[in-house]
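Structural features, examined
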Amino acid sequence: MGQISTYSLSQIGLLLGLTVGIGACGLPEAFNQFSQEADNQFGDQHFKTAITLIELHYVRYGDYPQSLADLKYTGDWDQLAIQSVSYQKADKGYILNLERGWVGKADLEYPPDFWQNLGIIESNVKGQPTPTKMPKK
């Protein structure tokens with residue numbers, strides 16, 4: 001990693017550590033609201049980034065990856081997204097669950113058209129994903 005990437009990831013680690021430490025002390029409702037909003041924003045970005053990387057793999061190779069470790073040409077920031085989701089390849093697509101946002105659970109919901117032409121057949125994110133794209137055989 002370059003100096004800028006390492007510095008940026010170090011800053012994030014420090015920020016996350018402070019947030020967890022402060023959260024353990026019991027904070028006012030305003031911080032809890034801020035924390036939930038941050039979880040939702042980071043969760044939204046992580047979920048969408050993971051989808052993008054998985055779907056790009058499908059476009060390039062004609063099938064979904066066996067695991068997220070099979071994704072190629074990812075950047076340093078992509079690793080944050082990959083570590084925030086759980087992935088399982090299925091017969092006709094994949095299951096993608098969002099495990100964390102900033103430091104806690106995100107509460108997200110997408111409209112039906114968000115899920116169009118994605119291979120997601122199941123997710124813990126609200127809004128019913130419908131399998132509309134079948135992998136090439």
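Nothing here was measured: the structure is a model prediction, and the numbers come from that model.

Bringing the nonpolar core into the picture now. Judged by nonpolar contacts, the single largest core of 21 residues is most densely connected at Phe 47, Tyr 94, Leu 96 and Ile 120. Listing elements by their share of this core, those giving two or more residues are helix H2 (29-61), strand S1 (85-90) and strand S2 (93-98). For this core, the element with the highest residue contribution is H2, accounting for six residues. Discounting chain neighbours no more than four positions away, the residues touching Tyr 94 are Ile 51, Ile 54, Glu 55, Tyr 64, Tyr 87, Gln 88, Lys 89, Gly 119, Ile 120, Ile 121 and Glu 122.

Turning to unusual backbone geometry, a few remarks are in order. A positive phi angle, close to 60°, is found at Tyr 73, a residue other than glycine. Here Tyr 73 lies in the loop between H2 and helix H3 (76-82). By relative accessible area, Tyr 73 is classed as exposed at 68%. With phi around 60°, Asn 117 is a residue other than glycine that occupies positive phi space. Residue Asn 117 is classed as exposed on the basis of its relative accessible area of 53%.

The next thing to look at is the environment of Leu 98. Checked against the element boundaries, Leu 98 lands in strand S2. Residue classification places Leu 98 among the buried positions, given a relative accessible area of 6%. Once the C-alpha coordinates of Leu 98 and Leu 108 are considered, the two residues, ten residues apart in sequence, prove to be 9.2 Å apart. If sequence neighbours within four positions are ignored, Leu 98 has contacts with Gly 43, His 46, Phe 47, Ser 84, Val 85, Lys 105, Ala 106, Leu 108, Asn 124 and Val 125.

This part takes up the environment of Gly 119. By secondary structure assignment, the location of Gly 119 is in the loop between S2 and strand S3 (120-122). Of the residues examined, Gly 119 reaches a relative accessible area of 0% and is grouped as buried.

The next subject is the side chain of Thr 49. The topology assignment puts Thr 49 in helix H2. Thr 49 gets classed as buried once you look at its relative accessible area, which sits at 15%. A distance of 2.8 Å separates the side chain of Thr 49 from the backbone oxygen of Gln 45, its partner in a polar contact. Excluding residues that lie within four positions of it along the chain, Thr 49 makes contacts with Asp 78 and Ala 81.

The rules behind these values
Residues numbered from 1 in each chain as written. Predicted model: local features only at pLDDT ≥ 70, side-chain atom pairs only at ≥ 80, totals over all residues. Heavy atoms only, no water. Core = buried A, V, L, I, M, F, W, Y, C linked by side-chain atoms within 4.5 Å. Buried < 20%, exposed > 50% of the residue type's maximum accessible area, 1.4 Å probe, protein only. Helix = DSSP H or I, 4+ residues; strand = E, 2+ residues; numbered from the N terminus. Contact = heavy atoms within 4.5 Å. Polar contact = N/O pair within 3.5 Å; in protein donor to acceptor, adjacent residues only side chain to side chain.

All quantities given are derived from atomic positions and should not be read as evidence of function.
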